[in-house]
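Each chain is listed here by its residues.
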Amino acid sequence: MSNIHEMGFIKEKIDELKQAGLYKEVVTLDGPNEAECSINGKMAINLSSNNYLGFSNHPRLKKAAIEAIEKYGAGAGAVRPIIGNMKIHDELEALLAVFKKEEAVLVFQSGFNCNAGTIQAVTEAGDLILSDELNHASIIDGARLSKAKKATYKHSDMADLERVLKETRSEYNNVLIITDGVFSMDGDIAKLPEIVELAEKYNCMTYVDDAHSSGVLGHSGRGTVDHFDLHGRVDFTIGTLSKAIGVVGGYVAGKKVTIDWLKNRGRPFLFSTGMTPSAVGSIIEAIKMLMESEEYTDKLWDNARYFKEKMSVLGFNTGESETPITPIIIGEEAKAIEFSKKLFEAGVFVSPIVFPTVPKGTGRVRCMVTAGHTKEQLDRAVDAFTKVGKEMNII
Ligand SMILES: *Cc1c(COP(=O)(O)O)cnc(C)c1O
């Protein structure tokens, strides 16, 4: 028998992935995340980041981080319920509440942690969590931590959502309907007005994860609730600070009573150290920039429209996207991975996204256009897509 510590059982699984062409290696960026940057030692146009507004290497965010380090140090010291908040944490949460037009906000160390902590804290045995079938992995994992029953409805299918509610609502105490605000792999927007109406009709709670809408949709990136003018009608809004905001972290926005409860029962808040002062300082600066001006979100949307129009004219299948997320759907997983490799050789870095991140047979590359790209960079990216797309008989 082989020695278990050789990890033979893991090696076998890796070999299976390799044979199926599904094994992924993680590249290394040689410097900051920019619209065009050095990756594995080679310059490429970066269409893989969620740095929608170009904030992650912005001078104002960097300066704010340095100032926060000088004032508060490098680390938070312990979990917040034990060591306490730093003033800078309080300041960020107050600012986010104003930005989101909600009573209160609690910041977590990541968007993932928001879902891991909040869903289980606000549901219990006897409840139902009703989730769009394409919801993000962190929602799925967050729901798994809850003792409530789980069910899914077909993607953005309001008739199916109502069917489930009609058939099962009476069997449960509370029902929590959860949706991504913007679906991360396809870029379509949740039908939030209809979801909220159904929730009100069947007396359910609503939970929207605005990871890809924070900094992107609504006035100055206030998210889908603002985009659809549903203020006050969504119970739990999750936002990430890791994507458009350019740093790291996440937050839950909602009623003050919800936030008070999460400070007592949100496990990542209770058992994981608070965000570093530098991250918090940068995020405060980013939110202030969004509150000052819509120039960043306007530039993002202008670039996104420009790129998407060109790609669809070329004949690429860009799916159902309504946002800057631009999937180029290829189908076969190995072909999507090959497409990405060839694009990198042609000077464009765009990651392949394959099963299990997206359903089998819908492998794709996902182009993330940002406010930081110039039209000239986008044109060069389009040229590379044209060349490789023709070579591989995709267009
Ligand atoms: C990216 C993402 C998250 C995770 O956010 P992080 O801040 O990166 O942990 C959560 N939910 C959705 C829908 C996401 O797209």
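See above for the structure.
Residues numbered from 1 in each chain as written. Predicted model: local features only at pLDDT ≥ 70, side-chain atom pairs only at ≥ 80, totals over all residues. Heavy atoms only, no water.

> What is the right way to read the site of the ligand from this model?
In the region of the ligand, 15 residues are neighbours, and Gly111, Asp209, Thr240, Ser242 and Lys243 sit closest. Side-chain polar atom of Asp209 to a nitrogen atom of the ligand: 2.6 Å apart, as the coordinates give it. Between the ligand and Lys243, the relevant distance is 2.6 Å, taken from an oxygen atom to a side-chain nitrogen or oxygen of the residue. Relative to its unbound accessible area of 380 Å², the ligand is 86% covered by the protein chains. It is helix α5 (residues 111-122) that contributes the most residues to the shell around the ligand, three residues altogether. When grouped by side-chain class, the residues that make up the shell around the ligand number two nonpolar, ten polar and three charged. (Near = heavy atom within 4 Å. Polar contact = N/O pair within 3.5 Å; in protein donor to acceptor, adjacent residues only side chain to side chain. Areas by Shrake-Rupley, 256 points an atom, 1.4 Å probe, with all protein chains shown as cover. Helix = DSSP H or I, 4+ residues; strand = E, 2+ residues; numbered from the N terminus. Nonpolar A, V, L, I, M, F, W, Y, C, P; charged D, E, K, R; others polar.)

> Explain the pattern of salt bridges to me, please; I cannot follow it from the model alone.
Two side chains with opposite charge may pair up if their charged atoms get near one another. Across all of its chains, the model carries 18 salt bridges by this definition. In this structure, Arg60 and Glu292 form a salt bridge, with 3.1 Å as the shortest nitrogen-oxygen distance. Placement of the pair is Arg60 in helix α2 (residues 59-72) and Glu292 in helix α12 (residues 277-292), with a sequence separation of 232 residues. Between Lys342 and Glu338 there is a salt bridge, with its nearest N and O atoms 3.4 Å apart. Of the two residues, Lys342 and Glu338 both sit in helix α14 (residues 333-345), four residues apart, roughly one turn of that helix. Lys342 gets classed as partly exposed once you look at its relative accessible area, which sits at 27%. Several salt bridges share partner residues, and in doing so they unite Glu36, Glu376 and Arg380 into one network. (Salt bridge = Lys/Arg side-chain N within 4 Å of Asp/Glu carboxyl O. Buried < 20%, exposed > 50% of the residue type's maximum accessible area, 1.4 Å probe, protein only.)

> Would you take a moment to explain unusual backbone geometry for this structure?
Both trends apply: most residues other than glycine have a negative phi, and most peptide bonds are in trans. Residues Phe355 and Pro356 are joined by a peptide bond in cis, for which omega reads 10°. Positive phi outside glycine occurs at Lys101, with the angle close to 55°. Positionally, Lys101 belongs in the loop between α4 (87-100) and β3 (104-108). A positive phi angle is found at Asp229, which is not glycine, with a value near 55°.

> I tried to follow the packing of α2 against α12 on my own but got confused; where do I start?
Pairs of packed helices are described in terms of their axes, by the angle between the two and the distance that separates them. The geometry of α2 relative to α12 is characterised by a closest axis approach of 7 Å and an angle of 140° between their N-to-C directions. By the angle class used here, α2 and α12 are oblique. Two packed elements cross with a definite hand, and for α2 against α12 that hand is right-handed. The residues of α12 that touch α2, namely those facing Arg60, Leu61, Ala64, Ala65, Ala68, Ile69 and Tyr72, are Pro277, Ser278, Gly281, Ser282, Glu285, Ala286, Met289 and Glu292. Considered class by class, the residues forming the contact of α2 with α12 number nine nonpolar, three polar and three charged. (Axes fitted to C-alpha atoms, helices over the stretch in contact; angles between N-to-C directions. Parallel < 35°, antiparallel > 145°, perpendicular 65-115°, else oblique. Left-handed = near helix turned anticlockwise from the far one by under 90°. Contact = heavy atoms within 4.5 Å.)

On their own, these measurements won't tell you what the molecule is for.
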